[in-house]
Amino acid sequence: MVQKEADYRNSGKVKLEKGETMKFPYSQKVLEHFKNPHNVGKIENPDGKGLEGSPACGDMVAVYIKVNPDTKVIEDAKFESYGCASNIATASIITDLALGKTLDEAKKITWKQAAEELGGLPPIKAHCSVLAVEGLRAAIKDYEEKHGLITEKEPTTEEVIRQRLKHVMNPLTGLDIIRTNLILKTSIENGVVRVVVDLPGDHQFAPALKEDIMEKLGSLWDVERVDVVFTA
Amino acid sequence: MKPYFFDTYAVATSEFGYSMGIDAKEALERARESIASKLDANSEEVIFTSGSTESSNTALKGVVWALKEKKGKHVIVSKIEDFPVLNTAKALERQGFGATFLDVDSEGFVDLEGLKNAITKETVLVSIQQGNQEIGTVQDLKAISEICEEKDVLLHTDATHSFTRLPLSVKELPVDLITMSGHTIHGPRGVGALYIRKDTPITRFMDGGFQEFNLRAGVEDIPSAVGFAKAVELVTEEENRRIKAMRDRVIDKALSEIPDVTLNGSREKRLPQNANLTFHYVEGESVTLHMDMRGFAVSTGSACFSRSLEASHVIRGIGGDHERAHGSVRFTFGRYNRMEDADAAIEAMSEIVARLREISPLARK
C-alpha cells in the first residue's frame, strides 16, 4: 500500500505496463514547491499586502511584500495559502520571481511565466494558480495606493470589464475567458453589468464560472449588480 | 470469475442451446440467486446491469416512462443523492417531467414531513438512498417506505454504498427498486444489479435482445456477475464490525486529537465504512495529495478536486458553506485495512493538517 515518498509518481508520470505511461497532472517541480514551498509565512507590518480569494474554487492566498522606499525593489515577499497544490506551488514560485525585482518589473510577472517556471500547470487548475499572481499584484497595488502612487478612481467601462474578465480562467482550456471567446457580450448601464457567456446554463462549469465572474466584477466600486447570462 | 473467461466462455443460451452456453447460463442464475437472497428477494426480481449508474437510470426512467400516461410525471429525490439519481432527475426535469429535490437536515437526514408534503397525485416515484456516498448518513428507510406505501407511490433506493454493509430486506421493507454495485464491496467494476419488485411497472430504456427478463438487452457479462455474487458472499458481519471499529477510531481520534475538526454526517446512523471530517483552514486537494504521497487514498468534497470545479453538493446540501466542503476529507475502509492503518492515517493527517495550517492565512496560530 505505501510507496516510498521519493519514488512518488516518478518524473511526473505514473508507470503502468512496460513502456506505457499515464500523465500525472502535476510536474515534478510543482510537487517540489507543493511539498516544500518557498517564502511561506507572514511579514509583520508589511509595506504591501494582497488578499485574493475565489469563491468559485474556494482557494485563498495572501501575499506580503517589503519594498525599498528609494529603489522600489521588493526586498522580501512571503505568502500564505488556503489552497490546493497548484495554488501553493504558484504562490511559492511567484514570490521567488518577485524577490529583487522593482515594483514595475514585478507587476509584469504573468501567470504564464509562473506556469512555465513550474514546468506547466493543468488547465483546469489555472484559476486556482492565477490567484497567486493576482495576490502579488494586489500587494503591489496596496503599496502604491498607500504611497500615493495611484490617485483617481477610474469609472467602470466595457474596457475595464474586459480587462477584469481576463483574470477569469476558462476551465476547459486554462486560458482566460476573453481570449477563448467565451464571452459573447458585455455591457454596463447605471451600475448594472451584463455578461453573456457562450455556454449552456447546465454545463458542468457554468456555476463555477458564474461565481468567478460575479466576484471579479462585483468588487468594482461603481458596480451595483452583475448579471451573468448563459446562452442556452 | 476466471473459469468464465477461459473455460466456460460461452454466451448464456436458453435451455435448448449447447452445453457450454447452458453452463454459462446456470452460473449467471446462481449469481443472481445469491444476490437476490441477500435481499430476501426472488431471483426473477434481480437484473444485472453495468453498475449503479445504469441501475438508477433504469429505475427512474423506466418507472416514469411506464407511468407517465397512467399516473403522472413527477419524481421526488433527495438533494444529496449521488449523481446517477440526482442527474437522472435533473435530466427528466429538462425533458418536461417534474422533479422535487428534498431538503435534508444538517446531518443529511431527509425531512419526512417534507417528503409527505411533496407527494402529489402526479408523483410516480420517490428515490432516496440508503447510505450517503460522501458523508455516510443512513436514512430511515423504514419511515420513508411507510410514507410511500401509505401514499401509494413507488420507492427506489440507491444502496450502492450500503448493500451488504447494512441489512436490507425487501420482505421487511416495502421498497420497490434497489440499486446495487459490485465496485463498493471489492467486486469487479462495471457490474451492478437492480432489484425490481414483482409487478412493478417499468419500461426498458435500451432496446435489443430479450435478456434479463426482457428488461436489460445485451449479452450478459457472466464473469462479472459471478464475481459480483462472490463479492457479496464474502462480506461478513464480522468484517462489517471490524471496519466500523476503524471508522470509529478515525472519527474519535480526529475529533479529540486535531483541533478545529467537524464531523460531517451523523455520528451514529452512518455507513460502517465511512468517516467524513472537515479539517478547517486547509484545502482538501492539498490534503489528498499529501496523503497519497504517504500511501493513503482519501477523497475530498473540495471544488479544487472535482471535475466540475464545484464544491460537494452533499456538504452544501447539509447547509455547509464552501469552507466546510473545502476542507472535507472522506476516509473509507475495506476488507484489507487493519486498525493500524486507521491509526497511521490519523497520525499522517495530524501532521499534514498542522503543516498546511502553518501556511494558511485563516488558521489560528
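No experiment lies behind these values; they were computed from the predicted model shown. (Residues numbered from 1 in each chain as written. Chains lettered and ligands numbered in written order. Predicted model: local features only at pLDDT ≥ 70, side-chain atom pairs only at ≥ 80, totals over all residues.)

**Description of the overall build of chain B**
Defined as follows: The secondary structure listing takes helices from DSSP runs of H or I that are at least 4 residues long and strands from runs of E that are at least 2 residues long, numbered from the N terminus. Computation of the radius of gyration draws on C-alpha atoms, with the globule rule given as 2.2 Å multiplied by the number of residues to the power 0.38. Whether two residues are in contact depends on their C-beta atoms, placed from the backbone: they are in contact if these lie within 7 Å.
Tallying secondary structure elements over chain B gives 13 helices and 11 strands in all. Here the C-alpha radius of gyration of chain B, 22 Å, is about what a compact globule of 365 residues would show, namely 21 Å. Here the C-alpha coordinates of chain B stretch approximately 75 × 50 × 35 Å along the principal axes. Across chain B, the fraction of contacts at a sequence separation of at least 24, relative to all contacts at a separation of at least 6, is 68%.

**Observations concerning the confidence of the model for chain A**
Segments scoring low in pLDDT should not have their predicted coordinates read at a detailed level. Residues and elements named next belong to chain A. Selection rule: One confidence number per residue, pLDDT, is output by the predictor and ranges from 0 to 100.
Residues at a pLDDT of 70 or more form 88% of chain A, whose mean pLDDT is 85. Within chain A, strand β1 (residues 13–15) has the poorest average pLDDT of any element, 48, and strand β5 (residues 74–82) the best, 96. Of the regions scoring below 50 in pLDDT, residues 1–6 engages in 7 contacts with residues more than four places distant in sequence or in other chains. In the predicted structure, residues 11–16 sits below a pLDDT of 50 and forms 17 contacts with residues beyond four places in sequence or in another chain.

**Examining the sheet that holds strand β3 (residues 48–53) of chain A**
Residue and element names in this part refer to chain A. Our working rule: Strand pairing requires that DSSP identify at least two bridges connecting the strands. Fitted lines through C-alpha atoms serve as axes, helices being fitted only where they are in contact, and the angles separating the N-to-C directions of these axes extend from 0 to 180 degrees.
Spatially, the 3 strands line up as an open sheet ordered β3-β4-β5, and their pairing is antiparallel. The open sheet is flanked by β3 and β5, the only strands paired with a single partner. Here the average twist between neighbouring strands, direction ignored, is 15°. As paired elements, β3 and strand β4 (residues 60–67) share 6 bridges and run antiparallel to each other. Along β4, the bridge assignment pairs lysine 49 with tyrosine 64. Against the sheet, helix α2 (residues 85–98) touches β4 and β5, its axis set at about 175° to β5.

**Focus on the domain arrangement of chain B**
Residue and element names in this part refer to chain B. Defined as follows: Note: domain ranges come from an automatic or database domain assignment. Classification used: nonpolar for Ala, Val, Leu, Ile, Met, Phe, Trp, Tyr, Cys and Pro, charged for Asp, Glu, Lys and Arg, polar for all others including Gly.
Taken domain by domain, chain B holds domain 1 (3–234) and domain 2 (237–358). Every contact between the two is made by 17 residues of domain 1 and, on the other side, 21 residues of domain 2. Split by residue class, the side of domain 1 that touches domain 2 holds 4 nonpolar, 9 polar and 4 charged.

**Thoughts on the interface of chain A and chain B**
At the interface, 28 residues of chain A touch 23 residues of chain B. A total of 3 residues in the side of chain A that touches chain B trace back to one element, the largest contributor, which is β5(A). Each residue belonging to the side of chain A that touches chain B can be placed in one class, and the counts come to 20 nonpolar, 5 polar and 3 charged.

**Here's the deal with the environment of Pro171(A)**
Counting through the fold element by element, Pro171(A) comes out in the loop between α6 (158–165) and β6 (183–189). Separated by 69 residues in sequence, Pro171(A) and Thr102(A) place their C-alpha atoms 32 Å apart.

**Brief notes about the domain arrangement of chain A**
All names here are of chain A. Domains assigned within chain A are domain 1 (29–146) and domain 2 (158–230). Distance between the C-alpha centres of domain 1 and domain 2: 23 Å. Taken residue by residue, the interface counts 9 residues in domain 1 and 9 residues in domain 2. Residues of the side of domain 1 that touches domain 2, tallied by class, amount to 6 nonpolar, 2 polar and 1 charged.

**Regarding the nonpolar core**
Here is the rule we go by: Remark: nonpolar core denotes a set of buried Ala, Val, Leu, Ile, Met, Phe, Trp, Tyr and Cys residues whose joining runs through C-beta atoms within 7 Å. Three exposure classes are used, all based on how many other C-beta atoms lie within 10 Å of a residue's own C-beta (placed from the backbone): buried at 20 or more, exposed at 12 or fewer, and partly exposed between those limits.
If you look at the biggest cluster of nonpolar residues, it comprises 158 residues, and the most contacted ones within it are Val75(B) and Tyr195(B). Ranked by residue count, the leading element in this core is helix α5 (residues 126–146) of chain A, at 10 residues.

**Details of the sheet that holds strand β1 (residues 46–49) of chain B**
All names here are of chain B. Spatially, β1-β7-β6-β5-β4-β2-β3 is the arrangement adopted by the 7 strands of the open sheet, whose pairing is mixed. With partners counted over all chains shown, the strands left at the sheet margins are β1 and β3 (98–102), one partner each. Taking the axes of each pair of neighbouring strands and ignoring which way they run, one obtains an average angle of 20° across the sheet. Relative to strand β4 (residues 123–127), strand β2 (residues 74–78) runs parallel, the two sharing 4 bridges. Directly across from histidine 74, in β4, lies its bridge partner threonine 123. Packing of helix α4 (residues 83–94) onto the sheet brings it into contact with β2, β3, β4 and β5 (154–158), and relative to β2 it is tilted by some 150°.

**Considering helix α10 (residues 284–293) of chain B**
Residues and elements named next belong to chain B. Of all 10 residues that make up α10, 9 are buried, and the element is covered over most of its length. Within α10, burial applies to Gly284, Glu285, Ser286, Val287, Thr288, Leu289, His290, Met291 and Met293. A positive phi of about 90° marks glycine 295, the residue just after α10.

**Details of helix α8 (residues 222–234) of chain B**
Residues and elements named next belong to chain B. For clarity, the threshold we go by: Expected helix span is given by 1.5 Å per residue-to-residue step, counting one fewer step than there are residues.
Counted at 1.5 Å a residue, the expected span for α8 with its 13 residues is 18 Å, and the 18 Å between its end C-alpha atoms agrees. With 10 of 13 residues buried, α8 is to be regarded as a mostly interior element. For α8, the complete set of buried residues consists of Ile222, Pro223, Ser224, Ala225, Val226, Gly227, Phe228, Ala229, Ala231 and Val232.

**Thoughts on the environment of Ile150(A)**
Residues and elements named next belong to chain A. Residue position: isoleucine 150 is located in the loop between α5 and α6. Accessibility expressed as a C-beta count within 10 Å gives 12 for isoleucine 150, which makes it exposed. Residues within four places of isoleucine 150 in sequence aside, it is in contact with Glu144 and Glu145.

**Comments concerning the packing of α6(A) against helix α7 (residues 206–218) of chain A**
Residues and elements named next belong to chain A. How we decide: What sets the label is the angle itself: under 35 degrees gives roughly parallel, over 145 gives roughly antiparallel, 65 to 115 gives roughly perpendicular, and the rest give oblique. Helix crossings get a hand from a simple test, with the near helix turned counterclockwise from the far one by less than a right angle marking a left-handed crossing and a clockwise turn marking a right-handed one.
For the pair α6 and α7, interaxial distance at closest approach is 10 Å and the crossing angle is 130°. Between α6 and α7, the crossing angle belongs to the class labelled oblique. Here α6 runs over α7; the crossing is right-handed. Contact residues: Ile161, Arg164 and Leu165 in α6; Ile213, Lys216 and Leu217 in α7. Of the residues that constitute the contact of α6 with α7, the class distribution is 4 nonpolar, no polar and 2 charged.

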